[in-house]
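Residues per chain, in single letters:
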Amino acid sequence: MDLTSYNKSFVLPQSSNQTTYLPTILFNATMKALVTTVTVHLTLTVLAYISLVVQVAAFLINASIILVYIRRPGLLKPFNVHFFILLIEDVFCGILLGSLQLQKHLLPGAIDFTTRAACSYSKYTQWTAASWMLLQHVVICLDRWLALLRPNWYRTKTIKFGVLAAVFAVTFQMTLYLPLFLTDYYIVKPAGMDCRITWALPNYQVFVRVVTMYIPQLIIFLSYPLFLFTLWFRHGRVQRPRIGPVGQSGEASTGRPTGQASVSRYSVSTIAATKSKKQASNQLRMVLWFVCLQIVCWLPVTVTTALLISALEYRSPLAVDVFQITEFLPVILLLADPVVFLVFLKDVRREVTAQLGLAIRAVQSVASHVATG
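Residues numbered from 1 in each chain as written. Predicted model: local features only at pLDDT ≥ 70, side-chain atom pairs only at ≥ 80, totals over all residues. Heavy atoms only, no water.

**A closer look at the overall build of the chain**
Looking only at helices and strands, the chain has eleven helices and zero strands in total. Shown N-terminal to C-terminal, the secondary structure of the chain runs as helices and strands in the order α-α-α-α-α-α-α-α-α-α-α. Residues classed as buried in the chain amount to 37% of the 373 residues present. When contacts within the chain are restricted to residue pairs at least 6 apart in sequence, those whose partners lie at least 24 apart make up 77%. When the accessible area of the chain is evaluated, it comes to approximately 22,300 Å², of which 70% is carbon and sulfur surface. (Helix = DSSP H or I, 4+ residues; strand = E, 2+ residues; numbered from the N terminus. Buried < 20%, exposed > 50% of the residue type's maximum accessible area, 1.4 Å probe, protein only. Contact = heavy atoms within 4.5 Å. Areas by Shrake-Rupley, 256 points an atom, 1.4 Å probe, with all protein chains shown as cover.)

Quick look at the structure:
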């Protein structure tokens, strides 16, 4: 008999005057609390092991894509450089923040979070690592807005612009966090207290969190429906060029006399324009996938975090449990980002597949060599 059925088997005994015994009430309440605790702990443990598998797979795929660009830097373009930087940030986020998440649920006593070094590492990682990815998604959205609003300038954009945009986002973030980290580091805290909670400058904390978390989320949320409408609008306008055959007399199917060279130039320019529109739509579709995944994975964490902060004095154990479960959702991004990247960029996908084939053949060669002695 499990704990749930065991708990239900106890019926509150009542006397002739329907008076409930206090010991029975306390016993049943204790059993219900125990069942809830065991269920939540089991759920978090299972999610932690799933997260471990996802993080390992994400690291391998991200590393293989990064290796492709190291070997073939010519594949890096002004458009995909933003996603390449995002994949690099995914790797660092998985190493820094993912390891803390796994340690919290699988090895809770491995790190002493009453020391300054452990606390500084934990606070820095939790405040900044996830925000890196979020701000880079904002850079990707702004890049699409530039492509839509300033198309002529966008065609002259270089890879350097994408790199500088990412550097500016990280520098902006670190500039806001530095006063908070330094102030909190020098605040004297009671001995033996878990110092992962940031106590310094509460009003400034709210400001930093709004600027680096909630406003970027708002930009992403508002951009998605507008991008979706733009994609739908373009899909209705992009059509295949219809150019009639040219007869022996040099007249096109329109009936207007023209030369073969004129028709050829018209055909090439029309096909090039159509190809450019399709490429822009494909790029926008790729951005939509990245933005959609970001919204789905981060919205629950954002909402639960805001609720916990706003109701700090009235938070319930259930709300904390829900927050701990939603913390696992952003881990999906670490794997989803490179998968979407490979789906849309076939040149990179081809190179990664070739790398995988070489790795498999190398392993088979080593295995056969070891087997033969």
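Now that the structure is up, let's keep going.
**Considering helix 4 (residues 116-149)**
A rise of 1.5 Å per residue sets the reference length of helix 4, with its 34 residues, at 50 Å; its end C-alpha atoms lie 48 Å apart and thus fit the reference within 8%. The largest bend along helix 4 measures about 30 degrees and falls at threonine 125. (Expected span 1.5 Å × (residues − 1). Bend = angle between axes of the 7 residues up to and from the residue.)

**Observations concerning the packing of helix 3 (residues 81-106) against helix 4**
Angle between the axes and distance between the axes are the two parameters that describe a pair of packed helices. Put simply, helix 3 and helix 4 touch, their axes get as near as 9 Å, and they point 160 degrees apart. Classified by the angle their axes make, helix 3 and helix 4 are roughly antiparallel. You can see that helix 3 and helix 4 cross each other, and the crossing is left-handed. Counted by class, the contact of helix 3 with helix 4 contains 16 nonpolar, seven polar and three charged residues. (Axes fitted to C-alpha atoms, helices over the stretch in contact; angles between N-to-C directions. Parallel < 35°, antiparallel > 145°, perpendicular 65-115°, else oblique. Left-handed = near helix turned anticlockwise from the far one by under 90°. Nonpolar A, V, L, I, M, F, W, Y, C, P; charged D, E, K, R; others polar.)

**Observations regarding the environment of cysteine 93**
With respect to the helices and strands, cysteine 93 occurs in helix 3. Placed 32 residues apart in sequence, cysteine 93 and threonine 125 show a C-alpha to C-alpha distance of 8.3 Å. Setting aside residues no more than four positions away along its own chain, cysteine 93 makes contact with Gly98, Ala129, Ala130, Met133 and Leu334.

**Re the packing of aromatic side chains**
In this structure the tally under the stated criterion is ten aromatic pairs. An angle of 65 degrees between the planes, with centres 6.1 Å apart, marks the rings of tyrosine 69 and phenylalanine 341 as edge-to-face. Of the two residues, tyrosine 69 is situated in helix 2 (residues 22-71) and phenylalanine 341 in helix 10 (residues 331-344); the sequence distance between them amounts to 272 residues. This pair shows no difference in class: tyrosine 69 is buried, exactly as phenylalanine 341 is. An aromatic cluster is defined as three or more aromatic residues linked by ring pairs; in this entry it consists of Tyr69, Phe84 and Phe341. (Phe/Tyr/Trp six-rings, centres within 6.5 Å; stacked < 30°, edge-to-face > 60°.)

**Section: the side chain of histidine 137**
Tracing the backbone shows histidine 137 in helix 4. Apart from the residues within four sequence positions on either side, histidine 137 is in contact with Leu86, Ile220, Phe290, Gln294 and Asp337.

**Observations concerning the packing of helix 3 against helix 10**
Look at helix 3 against helix 10: their axes get within 9 Å of each other, and the N-to-C directions meet at 155 degrees. The pairing of helix 3 with helix 10 is recorded here as roughly antiparallel in orientation. The handedness of the crossing between helix 3 and helix 10 comes out as left-handed. Between helix 3 and helix 10, the residues in contact are Phe83, Phe84, Leu86, Leu87, Asp90, Cys93, Gly94 and Gln101 and Val331, Leu333, Leu334, Asp337, Pro338 and Phe341, respectively.

**Structural notes on the pattern of salt bridges**
Under the defined criterion, the tally for this structure stands at five salt bridges. Measuring nitrogen to oxygen at the nearest pair gives 2.5 Å for the salt bridge that ties glutamate 351 to arginine 72. One end of the pair, glutamate 351, is in helix 11 (residues 346-372); the other, arginine 72, is in the loop between helix 2 and helix 3, with 279 residues separating them in the sequence. Using a relative accessible area of 37% as the deciding quantity, one classes arginine 72 as partly exposed. Two residues, aspartate 347 and arginine 350, come together in a salt bridge whose shortest N-O distance is 3.1 Å. (Salt bridge = Lys/Arg side-chain N within 4 Å of Asp/Glu carboxyl O.)

**Things to note about the nonpolar core**
One finds Ile65, Tyr69, Phe83, Met286, Phe341 and Val348 to be the most contacted residues of the largest nonpolar core, which totals 55 residues. Mapped by element, the contributors of at least two residues to this core are helix 2, helix 3, helix 4, helix 7 (202-237), helix 8 (260-310), helix 10 and helix 11. Considering each element in turn, this core owes the most residues, twelve residues, to helix 8. Contact partners of tyrosine 69, with chain neighbours within four places excluded, come to Leu75, Leu76, Asn80, Phe84, Phe341, Leu345 and Val348. Of all hydrophobic cores here, the second largest spans seven residues; its members include Trp127, Leu180, Val208 and Val211. (Core = buried A, V, L, I, M, F, W, Y, C linked by side-chain atoms within 4.5 Å.)

**Overview of the state of the cysteines**
Here, disulfide denotes a covalent bond that connects the sulfur atoms of two cysteines. Under the counting rule described, the total for this entry stands at zero disulfides. Take cysteine 297: it sits in no disulfide, and the sulfur closest to it among the cysteines is that of cysteine 292, at 9.0 Å. (Disulfide = S-S within 2.5 Å.)

**Quick look at the confidence of the model for the chain**
The predicted coordinates of low-pLDDT regions are not to be read in fine detail. With 73% of its residues at a pLDDT of 70 or more, the chain shows a mean pLDDT of 76. Ranking the helices and strands of the chain by mean pLDDT puts helix 10 first, with 91, and helix 1 (residues 3-8) last, with 40. Overall, residues 1-20 carries pLDDT values under 50, and its contacts beyond four positions in sequence, including any with other chains, amount to 26 contacts. Confidence over residues 238-257 falls short of pLDDT 50; this stretch has 25 contacts with residues more than four positions distant or in other chains. (pLDDT = per-residue confidence, 0-100.)

**Quick word on the side chain of serine 51**
In this fold, serine 51 is placed in helix 2. For serine 51, a relative accessible area of 3% puts it in the buried group. In this structure serine 51 touches Gln101, Leu102, Phe328 and Val331, once residues within four positions along its chain are discounted.

**Here we look at helix 6 (residues 159-186)**
With 28 residues, helix 6 extends 41 Å from end C-alpha to end C-alpha; this agrees with the ideal 40 Å at 1.5 Å per step. At tyrosine 177, helix 6 shows its largest bend, some 35 degrees, and a proline, proline 179, comes one to four positions later. Among all positions of helix 6, only Gly162, Ala166, Ala169, Gln173, Leu176, Tyr177, Leu180, Phe181 and Asp184 are buried.

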